[in-house]
Amino acid sequence: MVTLAEVAQHAGVSASTVSYVLSGKRSISATTRHRVEQSIRELGYHPNAGARALASSRSNIIALMIPLRTDMYVPVMMEIAIAVATTARTHGYDVLLLTGEEGPDAVRRVTGSGLADAMILMDVELDDERLPLLRDTDQPSVLIGLPADTSGLTCVDLDFRATGALCVEHLAMLGHRDIAVIGEAPAVYERHTGFAERTLDGLRSRAQELGARLLHRPCEGGYDAMAVTLARIFDERPGTTGFVVQNESAVEPLLALLRQQGRAVPEDVSVVAICPDQVAVQASVRLTSVSIPAQEMGRHAVEHLVAKLDGRGEDEVVLIAPELTVRTSSGPAAS
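None of these values were measured; they are calculated from a predicted model.

Things to note about the layout of surface pockets
Logical step 1: Here the second largest pocket defines a volume of roughly 190 Å³.
Logical step 2: As for the second largest pocket, its lining consists of 16 residues, and the residues nearest its centre are R69, E102, G103, E125 and R130.
Logical step 3: A per-class count over the lining of the second largest pocket returns six nonpolar, two polar and eight charged.

Some thoughts on the domain arrangement of the protein
Logical step 1: You can read the domains of the protein as domain 1 (4-56), domain 2 (61-158 + 294-321) and domain 3 (160-291).
Logical step 2: Taken over C-alpha atoms, the centre of domain 1 sits 32 Å from the centre of domain 2.

Some thoughts on unusual backbone geometry
With glycine set apart, most residues show a phi of negative sign, and most peptide bonds adopt trans.
Logical step 1: In this structure, P266 follows V265 across a cis peptide bond, with omega equal to 10 degrees.
Logical step 2: The topology assignment puts P266 in the loop between α12 (251-260) and β9 (270-274).
Logical step 3: The backbone of D123 sits at a positive phi, close to 55 degrees, despite the residue not being glycine.
Logical step 4: Structurally, D123 can be placed in the loop between β3 (118-121) and α7 (131-136).
Logical step 5: On the basis of relative accessibility, which here comes to 6%, the residue D123 falls in the buried class.
Logical step 6: Phi angles above zero are rare outside glycine, and H192 is one such case at about 55 degrees.
Logical step 7: In this structure, H192 sits in the loop between α9 (186-190) and α10 (194-210).
Logical step 8: Of the residues examined, H192 reaches a relative accessible area of 42% and is grouped as partly exposed.

A look at the environment of A63
Logical step 1: By the element assignment, A63 lies in strand β1 (residues 61-65).
Logical step 2: Expressed as a C-alpha distance, the spacing of A63 and D94, which sit 31 residues apart in the sequence, is 8.7 Å.

Notes on the pairing of β1
Logical step 1: Of all the five residues making up β1, four are buried; the element is thus mostly covered by neighbouring parts of the structure.
Logical step 2: Judged from the five bridges that link them, β1 and strand β2 (residues 94-98) form a sheet pairing that is parallel. Within β2, the residue paired with A63 across the bridge is L96.
Logical step 3: Assessed by its sense of winding, the connection that carries the chain from β1 through helix α5 (residues 74-90) to β2 is right-handed.
Logical step 4: Alignment of β1 against β3, held across four bridges, turns out to be parallel. Among the inter-strand pairings, M65 is bridged to a residue of β3, identified as L121.

Conventions we followed
- Residues numbered from 1 in each chain as written.
- Predicted model: local features only at pLDDT ≥ 70, side-chain atom pairs only at ≥ 80, totals over all residues.
- Heavy atoms only, no water.
- 1 Å grid on protein atoms, 1.4 Å probe; cavity = no way out; pocket = protein on both sides within 12 Å on 5 of 7 lines; lining within 4 Å.
- Points joined across faces, edges and corners; volume = space filled by probe spheres on them.
- Nonpolar A, V, L, I, M, F, W, Y, C, P; charged D, E, K, R; others polar.
- Domains from an automatic or database assignment.
- Helix = DSSP H or I, 4+ residues; strand = E, 2+ residues; numbered from the N terminus.
- Buried < 20%, exposed > 50% of the residue type's maximum accessible area, 1.4 Å probe, protein only.
- Pairing = 2+ DSSP bridges.
- Right-handed = clockwise from strand over helix to strand, strands pointing away.

Quick look at the structure:
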């Protein structure tokens, strides 16, 4: 393993000069800095993380709090996590993944132990118990998600309210007047998870404006749960011709059940989904959908966090505008 002293000898400078180049604590001439950096590259030197943390009072680690719950679609969560990790690496940070459902205790553990320089929080609820701790600490943080009160916080998210409005508007413009929403699992709404609540708010508000009737039914996902939910929808609203699905695990069971009932998509009913593009294009009927911009969300979160760490960032809310892609699952309402 290459040492700092060996880098110094190779570059023809003192060990302290190499240290200053690495830490940036003192001004070093461009020529000397170039020579040291070239030696670091040629020798493959990697600073000791513990020593570097002691010297700079930083760990160069970002904590990512991402509770992996059974009622959430994990592939989307992990796509965001990968975007966070790869973007963080380009800025010289590593990512510590905290996947437990610890709530405020996880925030206390990070802020009290020096495990990380900053935090990114996911699975944000409208009245999230972690937020008072974030507001009381000097440690920089960013939320991927939107709570009810965003004061004193930096938040990055898809504009889910606009997403819901866009979906119901698309169906209403095609003549659909009875629209059913297949939602996330009931527990997601019981926790008042921000993205689900905001989507529902957007759906309801725009449906009312357009004179469409909206029926929302949470669903655990899977074939059996979807069969019960769909039977209930057609029992309560027999004239339903439009569906909005915000539950990836319910997509294929819904399409299968509609086929079994002799309801053609999109000739008899139309389906619009809020899901990753991969789910939409690989479904048995290519779905009209609003995509989840997972990579963009992760990248924005890290860039805002790094700006805060560098003393450049301000608290703000960044909402990514939704984009609806029309595919073969939506068409004019049957007369």
